[in-house]
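If you want the building blocks of each chain, they are given just below.
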Amino acid sequence: MKYFQKLIDNELKDMSAEERDMYRRTSLITFQMLAEELEDRKKEFEQRIFDSVRVKEKETTIYTALIPEKNYYLYEDFMYPIVKKSVLTADRLEPLADKERIFKTVFIKKSYSGLKELEGRIFEANIVGNKRYYDINVKLVPDERFIKKMHELYDVFDINGIKWRTLNTAYAMKMYKVVQAEENSDMESDISKFADFEVYVDFEELEGSIYEEHMLVWNIEERDIIGTHLVRPTEDRIHYEHTIKLNNEKGVYIYPREHIFLSYKEQGTLYVITDNKEGSIWKTWIIKENINKKRFENAEFPLLNNEKNYNFLNSLRAESEVKMRSEAEIKRIITSYKALENKILYKDYYMTDKRLENTLECYDMNSFLTDEFRLKGRGENLYIYFEINKRDYLTEDFLSFIISDIQLKFHEYNCIGVEYGRTV
């Protein structure tokens with residue numbers, strides 16, 4: 001366009017004032033319309049190319065949030081409990097000798113390194129049941145039931161052929177069980193008579209960091225759906241094709257169970273191929289896409305996710321099976337996540353077979369992935385330097401999230417985070 005503009009400017013120099021005026025009233029208007037039309041078509045063409053490589057994983061963004069139980073009605077149309085409260089409190093009245101007695105689940109608003117300091121600590125508590133008081137000791141134990149649920153999501157992705165993306169499990173790692181630390185003989189003899197009881201714990205200096213009556217939710221609904229089946233005989237065995245009508249519901253995925261060979265979607269229907277004719281009722285997980293983010297704008301706990309900025313380059317790289325090993329690829333991964341914008345910046349990297357000291361406190365958010373070849377094949381240490389602009393109780397979790405995602409893609413290295421400027 002600049003070339004055409006320069007050409008016209010040169011021609012205008014040789015015209016008289018009257019000719020230039022006539023030219024402007026005719027040709028320039030036409031040219032302007034043509035230029036705008038070409039620009040619009042160019043943008044439309046770029047968008048069509050972008051849409052052609054728009055990745056499926058954008059449709060499977062997982063959101064997690066911590067909300068007060070009393071406010072759940074504001075979110076119940078698109079957010080669902082990761083673990084139902086009935087499951088969390090199922091063993092409160094069971095004999096202590098049979099299994100771990102969990103009194104309640106709490107959220108602890110502390111950093112990852114701060115939570116590690118709680119290991120082994122004992123707290124005094126009182127139990128009130130049947131109008132009697134019992135003095136007991138309790139301890140805080142990470143509630144693995146939330147991480148186990150996220151492991152199940154990986155299995156759902158796997159059976160439905162969805163590419164796995166690292167989940168931001170920051171809140172799940174801060175969910176703790178309040179567990180009885182030792183037996184109280186008087187209470188054990190009376191507990192079978194309890195209809196229920198109340199637990200009061202002296203959390204000492206942690207009191208302001210403990211959140212009770214809160215629930216951890218995500219944008220996944222578990223729903224049982226009735227299906228039909230059709231016999232599909234093959235040369236060596238009989239297969240059954242189960243049909244599940246989706247009724248325009250998006251993001252529906254079959255929950256894995258034995259003997260499922262294949263599942264796929266076609267024209268509003270989910271098909272499941274298995275060698276079992278039983279199973280008219282299928283367990284599904286539905287990942288909700290329409291999340292009302294405005295409802296979290298004034299919430300104490302921000303909405304967390306693994307959402308990416310889907311520019312053209314990120315879309316191309318996400319779809320490509322070619323593994324890139326470069327500093328540019330590391331930087332692209334880090335800058336692609338919206339959750340890290342203006343909080344954590346990539347600065348540099350360093351590769352060595354030596355172990356450096358004073359590295360960042362991080363944990364693996366993909367710890368439940370078992371890949372023996374990946375673990376055995378790791379060689380050098382890949383140290384990634386970050387500049388931390390804003391530090392709070394979630395900083396170490398965000399760093400763990402991005403390091404875990406880089407580790408997933410650079411599996412032949414031990415990926416380790418280092419704060420930029422810190423002596424190592």
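Residues numbered from 1 in each chain as written. Predicted model: local features only at pLDDT ≥ 70, side-chain atom pairs only at ≥ 80, totals over all residues. Heavy atoms only, no water.

Colleague: How would you sum up the packing of aromatic side chains? Please name residues and give values.
Modeller: All told, the structure shown has 16 aromatic pairs when counted by the stated rule. Geometrically, the ring pair formed by Phe107 and Phe301 is edge-to-face, given 5.2 Å between the ring centres and 80 degrees between the ring planes. With Phe107 in strand β3 (residues 102-108) and Phe301 in the loop between β16 (281-287) and β17 (304-305), the pair connects residues that are 194 residues apart, well separated along the chain. A cation sits over an aromatic face here: Lys283 above Tyr255, 4.2 Å from the ring centre. Against the face of Tyr420 rests Lys347, its NZ or CZ located 5.3 Å from the ring centre. (Phe/Tyr/Trp six-rings, centres within 6.5 Å; stacked < 30°, edge-to-face > 60°. Helix = DSSP H or I, 4+ residues; strand = E, 2+ residues; numbered from the N terminus. Lys NZ or Arg CZ within 6 Å of the ring centre and 35° of its normal.)

Colleague: An account of the pairing of strand β20 (residues 414-419) is needed here, citing residue identities and associated values.
Modeller: Across the 6 residues of β20, 5 count as buried, placing the element largely inside the fold. Crossover connection from strand β19 (residues 381-388) via helix α10 (residues 395-409) to parallel β20: handedness right-handed. (Buried < 20%, exposed > 50% of the residue type's maximum accessible area, 1.4 Å probe, protein only. Right-handed = clockwise from strand over helix to strand, strands pointing away.)

Colleague: Give me the lowdown on the nonpolar core, citing residues and values where you can.
Modeller: Leu153, Tyr171, Ile334, Ile384, Phe386, Ile402 and Ile406 are the most contacted members of the largest nonpolar core, which has 56 residues in total. Sorting the residues of this core by element identifies α5 (144-159), β9 (214-218), β16, α8 (327-335), β18 (344-352), β19 and α10 as the ones contributing at least two each. Sequence-distant contacts of Leu153, that is, excluding residues within four places in its chain, are made with Ile62, Trp164, Leu167, Trp218, Ile220 and Trp285. (Core = buried A, V, L, I, M, F, W, Y, C linked by side-chain atoms within 4.5 Å. Contact = heavy atoms within 4.5 Å.)

Colleague: Can you tell me about the pattern of salt bridges, naming the residues and giving the values?
Modeller: If charged atoms from side chains of opposite charge come close, those side chains can pair. Under the counting rule described, the total for this entry stands at 25 salt bridges. Where Arg121 meets Glu205, a salt bridge forms, and the shortest distance between an N and an O atom there is 2.6 Å. Residue Arg121 is found in the loop between α4 (112-116) and β4 (122-129), and its partner Glu205 is found in the loop between β7 (198-201) and β8 (210-211); the two are separated by 84 residues along the sequence. What makes Arg121 partly exposed here is its relative accessible area of 23%. Judged by its relative accessible area of 54%, Glu205 falls in the exposed class. The structure contains a network of salt bridges with shared partners spanning Lys149, Glu152, Glu222 and Lys283. (Salt bridge = Lys/Arg side-chain N within 4 Å of Asp/Glu carboxyl O.)

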